[in-house]
Amino acid sequence: MQLIFATNNQHKVDEIRSLLTGELDIVTLKEAGIDIDIPEPYETIEENASGKSKTIYNMKGVNCFSEDTGLEVDALNGEPGVKSARYAGESRSFDANIDKLLINLAEKKDWSARFRTVISLIIDGQETLFEGISEGHIIPERRGSQGFGYDPVFVPAGSNKTFAEMSMNEKAQYSHRAKATEKLVAFLNNL
Ligand code: IMP
């Protein structure tokens, strides 16, 4: 089966491709010749995921999926959450986002956090959502150089490494995106 993955984030594409074993062929927006920066104007991760897949389905009429992810920090009342990409501004700088996060957490005692991914799949006009959560905590200094986004300061429960210190396969054992993708694949296998 072929599905368009409605994203321009190559890290997300690489992670999801590494989880697939051949039954599913994902085509990126770039590969499909769709040059669009899909807006993420909503207040929830679910609505943003949904908005992205619906934009592509309405434009092309082809089966597709998208995902939206947020880092939810307990001591910051769930922020940056749906605003994770633009936490420190429109530049969407990973470094500036981490700096802002560490400044806002500096005086807090509880550094627990989670990544939450929602995948929105549209098959023949019918939408289904899949969620994946990775519980963990934020650390005060960056460690590691792999991955992207907040990976250098996030340690998933059950490990003492940050996501940025893990290979893609190692990250997949704990990751929100891998958990949501497993649900997506199981659903597609049952169609
Ligand atoms: P979005 O889902 O494209 O809106 O991404 C939200 C932001 O969350 C990204 O820009 C990254 O900063 C961050 N993010 C999403 N997934 C991950 C991840 O797996 N690790 C670290 N940061 C992530």
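Residues numbered from 1 in each chain as written. Predicted model: local features only at pLDDT ≥ 70, side-chain atom pairs only at ≥ 80, totals over all residues. Heavy atoms only, no water.

Visitor: Honestly, the site of the ligand in this entry has me stumped. Any pointers?
Guide: Taken together, 16 residues surround the ligand, and among them Lys 12, Asp 151, Lys 171, His 176 and Arg 177 come closest. A distance of 2.8 Å separates an oxygen atom of the ligand from a polar side-chain atom of Lys 171. One of the side-chain N or O atoms of His 176 is found 2.8 Å from an oxygen atom in the ligand. Across the complex, the protein chains shield 94% of the 480 Å² of accessible surface that the ligand would expose by itself. Counting residues per element, the ones that place at least two in the shell around the ligand are β3 (64–73) and α5 (176–189). At three residues, the largest contribution of residues to the shell around the ligand is made by β3. Across the shell around the ligand, the residue classes tally to five nonpolar, four polar and seven charged. (Near = heavy atom within 4 Å. Polar contact = N/O pair within 3.5 Å; in protein donor to acceptor, adjacent residues only side chain to side chain. Areas by Shrake-Rupley, 256 points an atom, 1.4 Å probe, with all protein chains shown as cover. Helix = DSSP H or I, 4+ residues; strand = E, 2+ residues; numbered from the N terminus. Nonpolar A, V, L, I, M, F, W, Y, C, P; charged D, E, K, R; others polar.)

Visitor: In this structure, what is going on with the nonpolar core? I would like to understand it.
Guide: A general trend in soluble globular proteins is that nonpolar side chains are found buried together. Formed by 19 residues in total, the largest nonpolar core has its most connected members in Leu 71, Val 73, Leu 101, Ile 138, Tyr 150 and Val 153. When residues of this core are traced back to their parent elements, those giving at least two are β3, α3 (94–105), β5 (112–123) and β7 (154–156). Element by element, the count of residues in this core is highest for α3, at four residues. Sequence-distant contacts of Leu 101, that is, excluding residues within four places in its chain, are made with Leu 71, Val 73, Leu 76, Pro 80, Tyr 87, Ile 138, Tyr 150 and Val 153. (Core = buried A, V, L, I, M, F, W, Y, C linked by side-chain atoms within 4.5 Å. Buried < 20%, exposed > 50% of the residue type's maximum accessible area, 1.4 Å probe, protein only. Contact = heavy atoms within 4.5 Å.)

Visitor: How should I be thinking about the pairing of strand β1 (residues 2–5) in this particular structure?
Guide: As a general feature of sheets, a regular strand has side chains that alternate between the two faces. Inspection of the sheet shows β1 paired to strand β2 (residues 25–28) by four bridges, in the parallel sense. The partner of Phe 5 across the bridge, within β2, is Thr 28. With respect to chirality, the unit in which β1 leads through helix α1 (residues 10–19) into the neighbouring parallel β2 is right-handed. Here β1 pairs with β3 via two bridges, running parallel. Paired with Ile 4 across the bridge in β3 is Cys 64. (Pairing = 2+ DSSP bridges. Right-handed = clockwise from strand over helix to strand, strands pointing away.)

Visitor: It is not clear to me how helix α2 (residues 45–60) should be interpreted in this structure. Could you clarify?
Guide: Along an α-helix, a turn takes 3.6 residues, which lines up residues three or four apart on a common side. Counted at 1.5 Å a residue, the expected span for α2 with its 16 residues is 22 Å, and the 23 Å between its end C-alpha atoms agrees. What α2 keeps buried is the set Ile 45, Asn 48, Ala 49, Ser 50, Gly 51, Lys 52, Ser 53 and Ile 56. Taken together, the buried residues of α2 touch β1, α1, β3, β5 and β6 (126–138). Where α2 terminates, the next one or two residues include Gly 61, which has phi positive at roughly 65°. (Expected span 1.5 Å × (residues − 1).)

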